[in-house]
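# Summary of the model geometry
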Amino acid sequence: MSELPHGDACCRRIPITARDINGGPAPDRRAPFVITAPGQYALVEDVDWVASDADARAITIASDDVTLDLCGRTLRQVHHPAPRTVADPGARPCRGEVVSGNVGVHVEGRRRIVIKNGSVVGIQGVGIVARDCRQLDLRDLSVRRCGGDGVIDTSFLCRNGGIFVMGTQHTQDASNDITFASDVRMLNCVCSENTSRLDAVVTLGALVLFCDNVEVKQCVFNHNANTSAQPSGVQFNVVGVDFVICRNVLVEDCEAHDNTSGGEPAGFFAWGENYKFLRCRANRNHTLTGNRACGFNISTTSNLEMIACEADGNYNANPGASADGIRDFSALGFRIGRAVYRALIEDCRAIGNHSVGVNAPAGGFALHSTRQVVLRRCAAVGNRNASGTAENDGLAAGFIASAPLADPEGGVVGGEDNAFIDCIADGNTVHRAPLFVQPPAPPVDAGPSRGDPRKGAGFLLAGQKDARIIGCQAANNDGKGIWLRACARALVEGNTLSRNTLYGIENEAPAGLSAFTGNRAHLNGARHRHNYVGLPAGTPVRKWTLGSRPLPGPSGALDNLSIRLP
């Protein structure tokens, strides 16, 4: 390796030059650059790296106790080699025709590793890969425009993109035991504009797979894309940051905006146990041709906490969205499920998430086959599905708790003990004419839309048991304020329903008795009878027409109040 020039700010560290990375004194050999001893290493100049083959790595860390400081400089791959392909991609567990991928910085099976302070750009494959490491710090990094025609095999899928941190699942026997990477920190990193066009490949800003004790703070995962409409095998083929089978994860002050796909995009994806998302934002993630798009997708997770997060303007412009076998949603701000167990979602908001999908709902928050999920002080405003008609499933609601899924071993998964407390659903609609549309407005906003208010609600609960809706407000929704469908043992207490176009509360086809107490319904539909529809016989409803005295008789806190204009 070359000597650092006198006076360089990184002079106390071992220098790395462009010539070192491109093969040393004999660059025609294209020998890989490998760090084999502990120490602090510094990149002393920008590097245009020419890979020797489609699986080459620019820098490999093969020692514990290494700090790699990029010193504000850029490692860039140029002259991408032709990728290796297979003739029959469908025969591989990791589908897709490309079977090769370059890596900018690679480390495996090491401890006490720091990679910091610089850029990795244009890698055909993955920018930075850390596999089976412990005590790993990734700080102040920008990883951009990676992916392209390269992939790496990540146990059960081919993926490409920005930063990948992974443990290992052992598939040699039926146990499928996992060795978790652990003690991982990703701080102030940007994973942006990582793109691909490959079919059956997931393109990511960042991947955190099989990891324990993870902190991701003040990071940006924006403008990642894959134009392919071919699914990856697990629905989503673009995600800003993807946490898969991880535990003990804190994600704080991060954003995942404008990630897009020909298939199915999300801002944040998470699966595992013990997650906390604090002040994170997932806006404008979208698809023009795929089945689903959402800000946050949390699935198969126990012990979830989401505080002061937002998901606004995520959309799906495909009229046929969610026409596959799983018609759970077409566009959402927060998708919680399937099989999320024990969660608190507090002070979060979902505004203006929208779709034209005729086959599945759009909305702000949706619980799919969940148990013991509590939403408190959350707001869903202006979410819509422009295709909701009586003949299709193009529903729209601010908050949705969907019918639980069948369990392969019998019974159902979830759909129990979910609660909505002090939440607001306002202006969610299936019937909207856009105020103005000018190019390059997305197709989902083009032209007037006319939906059926029977397919809209502020709160829609389907097939739920022991649900609670307490102290909430549902106003100005196109359809119903609170819509219970085939529910049992629900408690609907102390809610305010105002100016919803069809009904205040509808209890449709109940699967058992529910309690409705202390609600106030004001100016829903056209008559008193539109304020409450389908409540159990004997439920006290006190009518009060403005300008006249209420009906005589004693009143109590259990009375539901129905208010109409004269």
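Residues numbered from 1 in each chain as written. Predicted model: local features only at pLDDT ≥ 70, side-chain atom pairs only at ≥ 80, totals over all residues. Heavy atoms only, no water.

## Concerning the overall build of the chain
When you go through the chain residue by residue, the secondary structure sums to 1 helix and 53 strands. A compact globule built from 566 residues would reach a C-alpha radius of gyration of about 24 Å, and the chain, at 27 Å, matches this within 12%. Here the chain holds 566 residues, and the buried ones make up 57% of them. Considering only residue pairs separated by 6 or more positions, the chain has 73% of its internal contacts joining residues 24 or more positions apart. For the chain, the accessible surface area stands at approximately 21,800 Å², while carbon and sulfur atoms represent 50% of it. (Helix = DSSP H or I, 4+ residues; strand = E, 2+ residues; numbered from the N terminus. Rg over C-alpha atoms; globule rule 2.2 N^0.38 Å. Buried < 20%, exposed > 50% of the residue type's maximum accessible area, 1.4 Å probe, protein only. Contact = heavy atoms within 4.5 Å. Areas by Shrake-Rupley, 256 points an atom, 1.4 Å probe, with all protein chains shown as cover.)

## Considerations on the sheet that holds strand S28 (residues 315-316)
The strand order across the open sheet built from 7 strands is S18-S21-S23-S25-S28-S32-S36, with neighbouring strands paired in parallel fashion. Only two strands of the sheet have a single neighbouring strand rather than two, namely strand S18 (195-196) and strand S36 (384-385). As paired elements, S18 and strand S21 (residues 225-226) share 2 bridges and run parallel to each other. Bridging from a neighbouring strand, serine 196 pairs with asparagine 226 of S21. (Pairing = 2+ DSSP bridges.)

## Notes on the pattern of salt bridges
Under the definition given, this model contains 26 salt bridges. Taking the shortest distance from any N to any O, the salt bridge between aspartate 65 and arginine 112 comes out at 2.5 Å. A residue pair is termed long-range when its members are at least 10 positions apart, and aspartate 65 in the loop between strand S5 (57-61) and strand S6 (66-69) and arginine 112 in strand S9 (residues 111-121) qualify at 47 residues. Judged by relative accessible area, aspartate 65 falls into the partly exposed class, the value being 35%. The class of arginine 112 is partly exposed, set by a relative accessible area of 36%. In this structure, aspartate 258 engages arginine 284 in a salt bridge whose closest nitrogen and oxygen atoms are separated by 2.8 Å. Here arginine 284 lies in the loop between strand S24 (265-278) and strand S25 (286-287) and aspartate 258 lies in the loop between strand S22 (238-252) and strand S23 (260-261), a separation of 26 residues in the sequence. Residue aspartate 258 is classed as buried on the basis of its relative accessible area, which comes to 16%. Beyond isolated ion pairs, a larger network of salt bridges with shared partners links Glu264, Arg292, Asp328, Arg335 and Arg338. (Salt bridge = Lys/Arg side-chain N within 4 Å of Asp/Glu carboxyl O.)

## A closer look at the environment of glycine 481
With respect to the helices and strands, the residue glycine 481 is situated in strand S45 (residues 480-485). Among the residues examined, glycine 481 registers a relative accessible area of 0% and is labelled buried. A sequence separation of 23 residues divides glycine 481 from glycine 504, and the C-alpha atoms of the two residues are 4.8 Å apart. Among all residues touching glycine 481, those that are not within four sequence positions of it are Ala457, Gly458, Phe459, Ala474, Leu497, Asn500, Tyr503 and Gly504.

## Section: the side chain of asparagine 383
As for its position among the elements, asparagine 383 is in the loop between strand S35 (379-381) and S36. Look past the residues within four positions of asparagine 383 in its chain and what remains in contact with it is Ala350, Ile351, Gly352, Asn353, Gly363, Gly364, Ala397, Gly398, Gly427, Asn428 and Thr429.

## Regarding the confidence of the model for the chain
Counting all residues, the mean pLDDT for the chain is 91, and 91% of those residues have values of 70 or more. In this model residues 1-11 is a low-confidence stretch, pLDDT under 50, and it forms 17 contacts with partners more than four residues away in sequence or in other chains. (pLDDT = per-residue confidence, 0-100.)

## Brief notes about the sheet that holds strand S47 (residues 496-498)
Spatially, the 9 strands line up as an open sheet ordered S27-S31-S35-S41-S44-S47-S50-S53-S52, and their pairing is parallel. Sheet topology places strand S27 (310-312) and strand S52 (541-545) at the edges, where each strand pairs with a single neighbour. On average, each strand axis in the sheet is tilted by 5° relative to the strand beside it, whichever way the strands run. Pairing of strand S50 (residues 520-522) with strand S53 (residues 560-564), which is carried by 3 bridges, proceeds in the parallel orientation. Counted as the bridge partner of histidine 522 is isoleucine 563 from S53. (Axes fitted to C-alpha atoms, helices over the stretch in contact; angles between N-to-C directions.)

## Thoughts on the nonpolar core
Phe277 and Phe459 are the most contacted members of the largest nonpolar core, which has 100 residues in total. When residues of this core are assigned to their parent elements, the largest contribution, 5 residues, is made by S22. If near-sequence neighbours (up to four positions away) are discounted, phenylalanine 277 is found in contact with Phe243, Val251, Phe268, Ala270, Phe296, Ile298, Leu304, Glu305, Met306, Ile307 and Cys309. Counting residues in hydrophobic clusters, the runner-up holds 27 residues, among them Val129, Ala366, Ile400 and Ala457. (Core = buried A, V, L, I, M, F, W, Y, C linked by side-chain atoms within 4.5 Å.)

## Observations regarding unusual backbone geometry
The amide bond that connects glycine 337 to the next residue, arginine 338, takes the cis arrangement and shows omega of 10°. Note on placement: arginine 338 falls in the loop between strand S29 (331-337) and strand S30 (341-346). Backbone geometry at aspartate 422 places phi at a positive 55°, although glycine is not the residue there. With respect to the helices and strands, the residue aspartate 422 is situated in the loop between strand S40 (419-421) and strand S41 (424-426). The class of aspartate 422 is partly exposed, set by a relative accessible area of 40%.

## A closer look at the packing of aromatic side chains
Following the criterion strictly, the structure yields 13 aromatic pairs and no others. Measuring from ring centre to ring centre gives 4.8 Å for phenylalanine 268 and phenylalanine 296, while their planes differ by 5°; the resulting arrangement is stacked. With a gap of 28 residues between them, phenylalanine 268 in strand S24 and phenylalanine 296 in strand S26 (residues 293-307) connect regions that are remote in the sequence. With a relative accessible area of 0%, phenylalanine 296 lands in the buried category. With centroids separated by 6.0 Å and ring planes inclined at 80°, the aromatic side chains of phenylalanine 277 and phenylalanine 296 adopt a geometry described as edge-to-face. (Phe/Tyr/Trp six-rings, centres within 6.5 Å; stacked < 30°, edge-to-face > 60°.)

## Focus on the environment of asparagine 283
With respect to the element layout, asparagine 283 can be found in the loop between S24 and S25. You can call asparagine 283 buried: its relative accessible area is 8%. Asparagine 283 sits 246 residues away from arginine 529 along the chain, and the two C-alpha atoms are 39 Å apart. Beyond its immediate chain neighbours, meaning those up to four positions away, asparagine 283 contacts Ala256, His257, Asp258, Glu310, Ala311, Asp312 and Asn314. Of note is the side chain of asparagine 283, whose polar atom sits 2.8 Å from the backbone nitrogen of aspartate 312. (Polar contact = N/O pair within 3.5 Å; in protein donor to acceptor, adjacent residues only side chain to side chain.)

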